[in-house]
Every structure is written in C-alpha cells, then in structure tokens.
Amino acid sequence: MTSTPLVVLENVNKHFGDLHVLRDINLTVNSGEVVVVIGPSGSGKSTLCRTINRLETIDSGTITLDGQPLPAEGRGLAKLRSDVGMVFQSFNLFAHKTVLQNVTLGPTKVLRQGKAEAEKRGMELLDRVQIGDQAHKYPAQLSGGQQQRVAIARALAMNPKVILFDEPTSALDPEMVQEVLDVMTDLAREGMTMVVVTHEMGFARRAANRVIFMADGQIVEENTPDEFFTNPRSERAQDFLSKILTH
Amino acid sequence: MEAFLSNIDRVVDGFSWTVRLTLVSALLSFVLGILLTAMRASPVPLLRGLATSYVEGVRNTPLTLVLLFCGLGLNSALGLSMADSVAMDVFWWAVIGLSAYTACFVSESLRAGINTIPLGQVEAARSLGLTFTQNLRLIVIPQALRTVVGPLGSVLIALTKNTTVASVAGLGVQEASREMKLMFDQGIAPVLPTFVGFAIGFLILTLPTGYFFGWLSKRVAVVR
Ligand SMILES: Nc1ncnc2c1ncn2[C@@H]1O[C@H](COP(=O)(O)OP(=O)(O)OP(=O)(O)O)[C@@H](O)[C@H]1O
Ligand SMILES: [Mg+2]
C-alpha cells in the first residue's frame, strides 16, 4: 500500500461555546487507508468527521486534503466537499427525489455531467450496492439498510477521494446492519480511503488499518484493530471496551 | 326566492368582482409572501428585522384597520391614486390592503414549511458540494412548497371571505357582499333568501378551493 497522506489534521482545536470538543487533534489518513474512530458518546467523533468537510469550522490548527488547506467558502469549498463523501447515521436521503435521482443529483448539478451519463453510472453504483431494482422508488419506501446503501452510492457517485462515515449502522435494525457493513467492507478492499465512526468491532477487525480511540475531545490511543481490541493500553479505552463488550 | 332569482345577474356580477379581487390579491400576496420569507431566512440582520417586524405588525392588526388605512389614509387623505376611474381606484387600493395583510400569512406558512425540512438533508446536499442557492432551489424550496399547499389553501379561502371587508372598511369596492347590501337598501330582495343565496355563493367558491388544495397537497406530499 502506498502511504501518501490524504487527509492531514494538525493541532486542530474546536469549541462549542465553553465546551472544548476537539483538543489538539493530530491525525493523518493515508490514501487507501481505513481508519475507525471509536469512543464514548460526546467525545467528539462526529465533530471530528464534520470538520473534515467543513460542516463545522475549526478554531485553530490546519486541515489539508491532498496537500491543499480546506477553502473557507464559496466555489472552492463546494469543490472540496464534492471530493469528500459523507454518510450519515440518519441516511439523510432527499425525500422528494427517487433513489436514482438522489444518486445523480450531485454528478449533474456539481460535476456538470450529462443526465444520461450520470444515470448510467448511477445505475451501476446502485447495482453495486444491490439496490438497482429499487431505483425508481422514493426513500421512504425502502428499509433503513436499503436507504443507507443508497446513501453510500450517492457518496460514491461523486468519485470522492475519501468517504466519512458517521455511525452508519447505529440507526439500523440489527438484521440490516450486516448488509451495510458488507458494502463498506467491499469498498475498503477496493482501496477506498475511509474514516469510519463505528462501534462495530467485527468491521473494525476485518476492514480497518487503524483504530483511533477518542475521549473528551482528544485522541487517547491509536493502534491496529487487533492490538487495540485485545490489548488496550489506556485505562479509558479498557474501561470503554469492557462496557461495550458486556452489552 | 323568485325576487332573488330575478336579480341573479347582479348576484353573479357581485361574485365576479369577488373572484377578481381574490385572484389578483392572491397572486400579489404570494409574491410578497415569498419575498418576505426570503428576507426572513437571509443572513442579513437588517433584512430579517424588517421582514419580521412587518409580518408581526401587520398580521396582528385587524384587517379592517389595514383597509381603512389604505382607503381613508392613503387614498382619500393623502390623495394617492391608483387608477383614473373611482371604481378601479378603490379596487386597486383594496387589492393592496388585502395583499399587504395576506402576505403575512403566506410568509408564516412558507416559513413553517421550511422548518419541516430535516437539517440532515440540507447538510447532505452541502456535503455533495451544492452551493447555498442550489440547496435552496433543489432541496429546500421544492419540499417546503409541497408541505404548505394545504395551509396556503386555507389562506386563500380566508382571503376570499376577507374581500367582503373591503366594501365596509371605507373602500366602496364592488364585491358580492356589497351587492347584497345594495339589494337590501333598494328593497328589491327579501332578506332571508338573499342571505342564504349569497352564503351559498361563497360556499360555491370556497368549498371546491378547499377540496382542490386538499387533493393537491396529498398528490404532491413528500413521503417521509
Ligand atoms: N452544534 C453543537 N452545539 C453545541 N454543542 C455541540 C454541538 N454539536 C455537538 N456538541 C457537543 O460537542 C460534544 C461532542 O459531540 P459529538 O457529536 O462530536 O460527539 P460524538 O463523539 O459524536 O458522540 P456520539 O457518540 O453521541 O455521537 C458533545 O458534548 C456535544 O454535546
Ligand atoms: Mg456522533
């Protein structure tokens, strides 16, 4: 695997009012790498993801994508966002658009692809996440697992350099978790660069190159999945793992 | 009843003015309502403040006062004129008063519609790289409009009935209820059947409006 740095965060700090949500975050995600972010509720995992495509601004530090600092606003920012895919816990599909329209909206309106071209590629992507036969339905007609797979296809349609996943399976019924994780595992195998906030240890062990453990806005521990889950070094991580393992 | 029916052409003429007043005011208040909503959603504090004070102020003023202000204040006292003939002059002042008032309710409905759109969809659109205006045009407004079809229907029905205030509030504008009052004053129509006749006339206008907007709002509803 090549190890060119793709996403680099240096000394990133972020406050919500008095709350210091990100404290001196330093993180490098290399091209083709899959990084799993894990940690207790409120530790800043979502905020970390959201700063990478600037859905949240930061107070200090730098974030670069492919060597370029994140643009502050305007066209440059829109271009950056089109390079960074995002998959949300609550799917966030466009309710008034069909599955296929959800997938082609970005390519036609942002990348200025022709409709036919975007639809052809959209269908390929929907087939790839095994939902091609539902292309003309509306999001509300699909199960949660299906909706999340559409959301992944929607992100892929932009040919992003990296995809951020914020707890993509937390809102799903248990029987639908695996179908989404399978799609993500395939993506990881194909070399997609991914940052994944998840507590799914099976996925982390199978697909991740690295696990990052966050607590109170800091990166407390960083290790390979096997090392992290079998030999957590910090007390916070040991405590946290014992809690998620017992329930 | 016969006396009422023998004057049916006057009744129809009265209602034709009610319809004209309603349609023109509806169009103007829709445009004004969208403008007010855009101002209230804008990042510029001055625009937001202006639009919010206007909506809160006018919405909470009795319509009679708004129309009296247009008729007695702007038209008679200040001598502002909208048209050459007196009939058209009062017609346009009534349209202005009704629109100024109804736009507030249009704006309130639209704002409620925008608030129903989950923030997550807006963020998803943003994270695809859509610009602020693309986001409004492609994601927010199409969904907001669909959710407010029903409420806008109610606003239109209220407007239809509110046109009757225009003739009593200083503006002697032609419309159905004024025609009714004239028929009473001239003693050419028996009171009870005439009342019933005009009431049915309003039902003929408002009931189908209500059904149509109800049907339309179901048709275009966004399933969530
Ligand atoms: N928009 C906001 N305004 C104020 N505080 C916020 C905002 N978003 C998040 N926070 C706070 O920042 C902290 C970190 O939130 P964040 O959502 O990043 O945590 P998380 O690790 O993703 O938690 P969870 O596992 O519950 O999703 C929390 O204390 C949260 O309450
Ligand atoms: Mg979170």
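Because the structure is a prediction, the values reported are computed rather than measured.

Focus: the site of ligand 1
Residues and elements named next belong to chain A.
Okay, step 1: Taken together, Phe16, Leu19, Val21, Pro40, Ser41, Gly42, Ser43, Gly44, Lys45, Ser46, Thr47 and Glu167 make up the full set of residues adjacent to ligand 1.
Okay, step 2: Measuring from an oxygen atom of ligand 1, one finds a side-chain N or O atom of Ser41 at 2.6 Å.
Okay, step 3: A distance of 2.8 Å separates an oxygen atom of ligand 1 from a polar atom in the side chain of Lys45.
Okay, step 4: Listing elements by their share of the shell around ligand 1, those giving two or more residues are strand E2 (19-30) and helix H1 (45-52).
Okay, step 5: For the shell around ligand 1, the leading source of residues is H1, giving three residues.
Okay, step 6: Its residues assigned to classes, the shell around ligand 1 shows four nonpolar, six polar and two charged.

Observations regarding the side chain of Thr37 of chain B
Okay, step 1: Among the secondary structure elements, Thr37 of chain B is positioned in helix H2 (residues 8-41).
Okay, step 2: Once residues lying within four places of it in the same chain are set aside, the contact partners of Thr37 of chain B are Ser107, Leu110, Arg111 and Ile114 of chain B.

Comments concerning empty space enclosed by the protein
Okay, step 1: All chains considered together, the criterion is met by one cavity of 30 Å³ or more.
Okay, step 2: Approximately 60 Å³ is the volume attributed to the largest cavity.
Okay, step 3: Lining the largest cavity we find Arg81, Ser82, Val84, Gly85, Met86, Arg154, Ala155 and Met158 of chain A together with Ala124, Ser127 and Leu128 of chain B.
Okay, step 4: Within the residue set of the lining of the largest cavity, elements represented by two or more residues are helix H2 (74-83), strand E6 (84-87) and helix H5 (144-156) of chain A together with helix H6 (119-128) of chain B.
Okay, step 5: Of the residues assigned to the lining of the largest cavity, the class counts are six nonpolar, three polar and two charged.

Looking at the layout of surface pockets
Empty space left among the atoms is revealed by rolling a probe the size of a water molecule over them.
Okay, step 1: Of the voids in this model, the largest pocket is the one considered here, and its volume is about 840 Å³.
Okay, step 2: Around the largest pocket, the lining is made up of 29 residues, and of these Ala41, Phe132, Asn135, Leu136 and Val140 of chain B lie nearest the centre.
Okay, step 3: When residues of the lining of the largest pocket are traced back to their parent elements, those giving at least two are H2 of chain A together with H2, helix H5 (86-115), H6 and helix H7 (132-162) of chain B.
Okay, step 4: Top contributing element to the lining of the largest pocket by residue count: H7 of chain B, with eight residues.
Okay, step 5: Considering only residue class, the lining of the largest pocket consists of 18 nonpolar, seven polar and four charged.

Points about a nonpolar patch on the surface
Residues and elements named next belong to chain B.
Okay, step 1: A surface patch of nonpolar side chains, about 580 Å² in accessible area, is lined by Val191, Leu192, Phe195, Val196, Ile200 and Ile204.
Okay, step 2: Tracing the chain through its elements places Leu192 in helix H10 (residues 191-220).
Okay, step 3: According to the relative accessible area criterion, Leu192 is exposed, its value standing at 62%.

Looking at the interface of chain A and chain B
Okay, step 1: Taken together, the 24 residues of chain A in the interface contact 20 residues of chain B.
Okay, step 2: For the pairing of chain A and chain B, the buried interface totals around 1,900 Å² over both sides, and the portion due to carbon and sulfur atoms is 65%.
Okay, step 3: Ranking the residues of chain A by area buried against chain B places Phe94, Ala95 and His96 of chain A at the top, with a combined share of 29%.
Okay, step 4: For the interface between chain A and chain B, the tally reads one salt bridge.
Okay, step 5: Note that Arg50 of chain A is salt-bridged to Glu123 of chain B, the shortest N-O span being 2.7 Å.
Okay, step 6: Applying the counting rule to chain A against chain B returns six residue pairs in polar contact (both at pLDDT 80 or more).

A word on the nonpolar core
All names here are of chain A.
Okay, step 1: By size, the foremost hydrophobic cluster in this structure holds 50 residues, and its most contacted members are Ile152, Phe165, Met184 and Met194.
Okay, step 2: Ile152 has contacts with Val87, Phe165, Val180, Val183, Met184 and Leu187, leaving out every residue within four places of it along the chain.
Okay, step 3: Counting residues in hydrophobic clusters, the runner-up holds 37 residues, among them Val29, Val35, Phe88 and Val197.

A few points about the sheet that holds strand E4 (residues 60-65) of chain A
Residues and elements named next belong to chain A.
Okay, step 1: A sheet is described by the order of its strands in space; here four strands give the open sequence E2-E1-E4-E5, paired in antiparallel fashion. Whereas interior strands pair on both sides, the edge strands pair on one side only; in this sheet they are E2 and strand E5 (68-69).
Okay, step 2: Both E4 and E5 contribute to a ladder of two bridges, which runs antiparallel. Residue pairing for E5: Thr64 is matched across the bridge by Pro69.

Section: the sheet that holds E6 of chain A
Residue and element names in this part refer to chain A.
Okay, step 1: Spatially, six strands are ordered E6-E7-E8-E3-E9-E10 in an open sheet, and the strand pairing comes out mixed. What marks the edges here is a single partner per strand, and that holds for E6 and strand E10 (218-223). Adjacent strand axes in the sheet meet at a mean angle of 20°, parallel and antiparallel pairs treated alike.
Okay, step 2: Bridging between strand E3 (residues 34-38) and strand E8 (residues 193-197) involves four bridges; their strand directions are parallel. Of the residues in E8, the one forming a bridge with Val34 is Met194.
Okay, step 3: Where helix H6 (residues 174-189) meets the sheet, its contacts fall on E3, strand E7 (162-166) and E8, and the angle it forms with E8 comes to roughly 145°.

Re the pairing of strand E9 (residues 210-215) of chain A
Residues and elements named next belong to chain A.
Okay, step 1: With six of its six residues buried, E9 lies for the most part within the structure.
Okay, step 2: Bridge count for E3 against E9 is four bridges, and the pairing is parallel. Across the sheet, the residue bridging to Val36 is Val211, located in E9.
Okay, step 3: Sheet analysis places E9 next to E10, joined by five bridges and oriented antiparallel. Looking across to E10, one finds that Ile212 is bridged to Glu222.

Re the pairing of E7 of chain A
In summary, the side chains of a regular strand alternate between the two faces of the sheet.
Residue and element names in this part refer to chain A.
Okay, step 1: Burial analysis of E7 places five of its five residues in the buried class, the great majority of the element.
Okay, step 2: Residues Val162, Leu164 and Asp166 of E7 are buried on one face, and the alternating residues Ile163 and Phe165, pointing to the opposite face, are buried as well.
Okay, step 3: Across four bridges, the pairing between E6 and E7 is parallel. Bridged to Met86 within E7 is Leu164.
Okay, step 4: With five bridges connecting them, E7 and E8 associate as parallel partners. Bridge pairing in E8 links Asp166 to Val197.
Okay, step 5: After leaving E7, the chain enters H6 and then returns to the sheet as E8, a path that is right-handed.

Thresholds applied
- Residues numbered from 1 in each chain as written.
- Chains lettered and ligands numbered in written order.
- Predicted model: local features only at pLDDT ≥ 70, side-chain atom pairs only at ≥ 80, totals over all residues.
- Heavy atoms only, no water.
- Near = heavy atom within 4 Å.
- Polar contact = N/O pair within 3.5 Å; in protein donor to acceptor, adjacent residues only side chain to side chain.
- Helix = DSSP H or I, 4+ residues; strand = E, 2+ residues; numbered from the N terminus.
- Nonpolar A, V, L, I, M, F, W, Y, C, P; charged D, E, K, R; others polar.
- Contact = heavy atoms within 4.5 Å.
- 1 Å grid on protein atoms, 1.4 Å probe; cavity = no way out; pocket = protein on both sides within 12 Å on 5 of 7 lines; lining within 4 Å.
- Points joined across faces, edges and corners; volume = space filled by probe spheres on them.
- Patch = residues over 30% accessible without salt bridge, like charges linked within 9 Å, V, L, I, M, F, W, Y side chains within 5 Å.
- Areas by Shrake-Rupley, 256 points an atom, 1.4 Å probe, with all protein chains shown as cover.
- Salt bridge = Lys/Arg side-chain N within 4 Å of Asp/Glu carboxyl O.
- Buried < 20%, exposed > 50% of the residue type's maximum accessible area, 1.4 Å probe, protein only.
- Buried area = accessible area lost by both parts, 1.4 Å probe.
- Core = buried A, V, L, I, M, F, W, Y, C linked by side-chain atoms within 4.5 Å.
- Pairing = 2+ DSSP bridges.
- Axes fitted to C-alpha atoms, helices over the stretch in contact; angles between N-to-C directions.
- Right-handed = clockwise from strand over helix to strand, strands pointing away.

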